[in-house]
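Below, each chain spelled out in residue letters.
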Amino acid sequence: MKTFSSLLFAFIIFSGCDHISNHFAKHIAKENDSSEQSNDWAMLSFKKTDSVNPILAPGNNSFIDPITKQKNFWEEKDVFNPAIVIKDGKVFMLYRAQDKTGKPEGTSRIGLAESADGIHFTRHATPVLFPDNDACKKYEWEGGCEDPRIVEDEKGIYYMTYTAYDGKLARLLVATSPDLIHWKKQGHAFANAYKGKYVDKWSKSGSIVSTYKNGKIIATKINGKYWMYWGDVFIWTATSDDLIHWTPLEMKEGQHAKDSLKSWAVEMPALQIIVPTRNKKFDSDLVESGPPAMLTDKGILLIYNSKNLRSIGDTTLPEGTYAAAQVLFDKNDPTKILKRLDHYFIKPERPYEITGQVNQVCFLEGLANFNHQWFLYYGTADSKIAVAVSKE
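Residues numbered from 1 in each chain as written. Predicted model: local features only at pLDDT ≥ 70, side-chain atom pairs only at ≥ 80, totals over all residues. Heavy atoms only, no water.

## A few points about the overall build of the protein
Move 1: Looking only at helices and strands, one finds two helices and 27 strands in the protein.
Move 2: Its C-alpha radius of gyration of 19 Å places the protein within 12% of the 21 Å reference for a compact globule of 392 residues.
Move 3: Counting only C-alpha atoms and orienting by the principal axes, one finds that the protein spans roughly 60 × 55 × 45 Å.
Move 4: For the protein, with 392 residues in total, the buried portion stands at 61%.
Move 5: In the protein, 56% of the contacts between residues at least 6 apart in sequence involve partners at least 24 apart.
Move 6: With an accessible surface of roughly 15,500 Å², the protein has 50% of that area assigned to carbon and sulfur atoms.
Move 7: Seen as two clouds, the 48 positive and the 48 negative side-chain charges of the protein have centres 1 Å apart. (Helix = DSSP H or I, 4+ residues; strand = E, 2+ residues; numbered from the N terminus. Rg over C-alpha atoms; globule rule 2.2 N^0.38 Å. Buried < 20%, exposed > 50% of the residue type's maximum accessible area, 1.4 Å probe, protein only. Contact = heavy atoms within 4.5 Å. Areas by Shrake-Rupley, 256 points an atom, 1.4 Å probe, with all protein chains shown as cover. Lys, Arg positive; Asp, Glu negative; His and termini not counted. Charge placed at Lys NZ, Arg CZ, Asp CG, Glu CD.)

## Digging into the sheet that holds strand β18 (residues 236-240)
Move 1: Here four strands make up an open sheet; going across it, the order is β14-β17-β18-β19 and the pairing antiparallel. The open sheet is flanked by β14 (207-208) and β19 (246-248), the only strands paired with a single partner.
Move 2: As judged from the five bridges shared by strand β17 (residues 226-230) and β18, these two strands associate in the antiparallel manner. Note that in β18 the partner of Y229 across the bridge is T237. (Pairing = 2+ DSSP bridges.)

## With respect to the packing of aromatic side chains
Move 1: Under the defined criterion, the tally for this structure stands at 15 aromatic pairs.
Move 2: Consider the rings of F370 and F375, whose centres lie 6.1 Å apart with planes at 65°: the pair is edge-to-face.
Move 3: With a relative accessible area of 2%, F375 lands in the buried category.
Move 4: Taken together, F121, F370, F375 and Y377 form an aromatic cluster joined through their ring pairs.
Move 5: One cation-aromatic arrangement involves K87 over F92; the distance from NZ or CZ to the ring centre is 5.8 Å. (Phe/Tyr/Trp six-rings, centres within 6.5 Å; stacked < 30°, edge-to-face > 60°. Lys NZ or Arg CZ within 6 Å of the ring centre and 35° of its normal.)

## Notes on the pairing of strand β10 (residues 144-152)
Move 1: Of all the nine residues making up β10, nine are buried; the element is thus mostly covered by neighbouring parts of the structure.
Move 2: Here β10 runs beside strand β11 (residues 158-165); their pairing, made up of seven bridges, is antiparallel. When the sheet's bridge partners are listed, E152 is paired in β11 with Y158.
Move 3: Hairpin connection from β10 to β11: five residues lie between these consecutive antiparallel strands, with G156 at a positive phi of about 90°.

## Here we look at the confidence of the model for the protein
Move 1: Looking at the protein, pLDDT values average 91 and 91% of them are 70 or higher.
Move 2: Throughout residues 1-36 the model reports pLDDT below 50, and contacts reaching past four residues in sequence, or to other chains, amount to 88 contacts. (pLDDT = per-residue confidence, 0-100.)

## Some words on the pattern of salt bridges
Move 1: Following the criterion strictly, the structure yields 27 salt bridges and no others.
Move 2: Here E353 makes a salt bridge to K48, at a shortest N to O gap of 3.0 Å. Of this pair, E353 sits in helix α2 (residues 351-354) while K48 sits in strand β3 (residues 47-48); the two residues are 305 residues apart in sequence, bridging distant segments of the chain.
Move 3: You can call E353 buried: its relative accessible area is 0%.
Move 4: For K48, a relative accessible area of 11% puts it in the buried group. (Salt bridge = Lys/Arg side-chain N within 4 Å of Asp/Glu carboxyl O.)

## Side note on the environment of F73
Move 1: Structurally, F73 can be placed in the loop between β5 (71-72) and β6 (78-87).
Move 2: For F73, a relative accessible area of 33% puts it in the partly exposed group.
Move 3: Distance from F73 to L301, taken between C-alpha atoms, is 38 Å for residues 228 residues apart in sequence.
Move 4: For F73, the contacting residues outside a window of four places in its chain are N60, N61, S62 and D99.

## Focus on the sheet that holds strand β26 (residues 373-380)
Move 1: Pairing within the open sheet is antiparallel, and its four strands lie in the order β3-β27-β26-β25. Bordering the open sheet on either side are β3 and β25 (362-370), each of which pairs with just one other strand.
Move 2: Taken together, the eight bridges between β25 and β26 define a ladder with antiparallel strand orientation. When the sheet's bridge partners are listed, A368 is paired in β26 with F375.

## Some thoughts on the environment of F363
Move 1: Relative to the elements of secondary structure, F363 occurs in strand β25.
Move 2: You can call F363 buried: its relative accessible area is 4%.
Move 3: On a C-alpha basis, the gap between F363 and H343 in space is 16 Å, while along the polypeptide they are 20 residues apart.
Move 4: Residues within four places of F363 in sequence aside, it is in contact with N81, R149, E288, S289, N305, Y322, Y377, Y378 and G379.

## Overview of unusual backbone geometry
Move 1: In the segment running from K103 into P104, the intervening peptide bond is cis, with an omega of 5°.
Move 2: Relative to the helices and strands, P104 is located in the loop between β7 (90-98) and β8 (108-115).
Move 3: Note that the residue after W141, namely E142, is joined by a cis bond; omega there is 5°.
Move 4: Note on placement: E142 falls in the loop between α1 (137-140) and β10.
Move 5: One non-glycine residue, Q360, adopts positive backbone phi at about 60°.
Move 6: In this structure, Q360 sits in the loop between α2 and β25.
Move 7: With a phi angle near 50°, A381 is a residue other than glycine that sits in the positive phi range.
Move 8: By secondary structure assignment, the location of A381 is in the loop between β26 and β27 (384-391).

Have a look at this one:
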């Protein structure tokens, strides 16, 4: 990856407008974009905080698991892929943690940590969302609850999209909370859509379109609906009236897929592909939603993760590299791509990003504006958590 010192950039001076999402740093990065077009719509000035990374590693906290009734060291194996919320002047991190006893690679649960500076975190002793003897057990046991993303509504209620994994199939679920600690599982995001036809199909990674305002990430309707980017292999979209019940967007009559279907996408041929993979590039094998999508004056900015296969993609990257890029959609039509980076802006470089449970992974999932800086949190090699920072 090209170093940030090689980028020419100019910072925007904030005018004091409440809508912080409309005033992120402008950068010119033509050398990273083969289209030779300005990338002033993208957020490209992030620098990894090498002096403190990784900021969170596996821990020794334990609790009594409600299913096994046994003491469980729920975060002793790996911690990664966090969601971020700014609340009461602090940064709250809800992160995926794995134990060493569950199957197939350890049961995942969602832990909670908080920080006064966005760098140094104090963990809560017990997880806040985990498999239990409830209606969602059939989806969550014993793979667990994975990869949260969190937004809030205008009333301050938090909505978490997360992946439930039963060991074989990933499913996109929703949970709600008034305080980030007590969560109510709302079930499968697509349970009521098309008579449940997508309940037993692979789904994950729900990134809800939001306004980043005064540190908060507030879900925002477009044309009377909430929108969400979701999925891996390809990125699809869905709409909702209430942030709980979602309807995936299918192709209209007469439409046909422009891209060849692969992997589990073959089982969902009616879905309209919003962000495809690209041959000869870093995002050749799959693309997957990152933090909650940001509604800006220029459009909807989505940071996304990607996986590379050298046989069809970027031959300069190691096999299986997870790097991240950005795409901009029309703010009035969330299905229409306006611009897309031709180059990743973060890739694995550090030892803790290169070697771990899954090698060569930077997986971006948490974004927050805090203390006049942007903090971008990501999982490293599916093993630890790191942060990159950009000043306003």
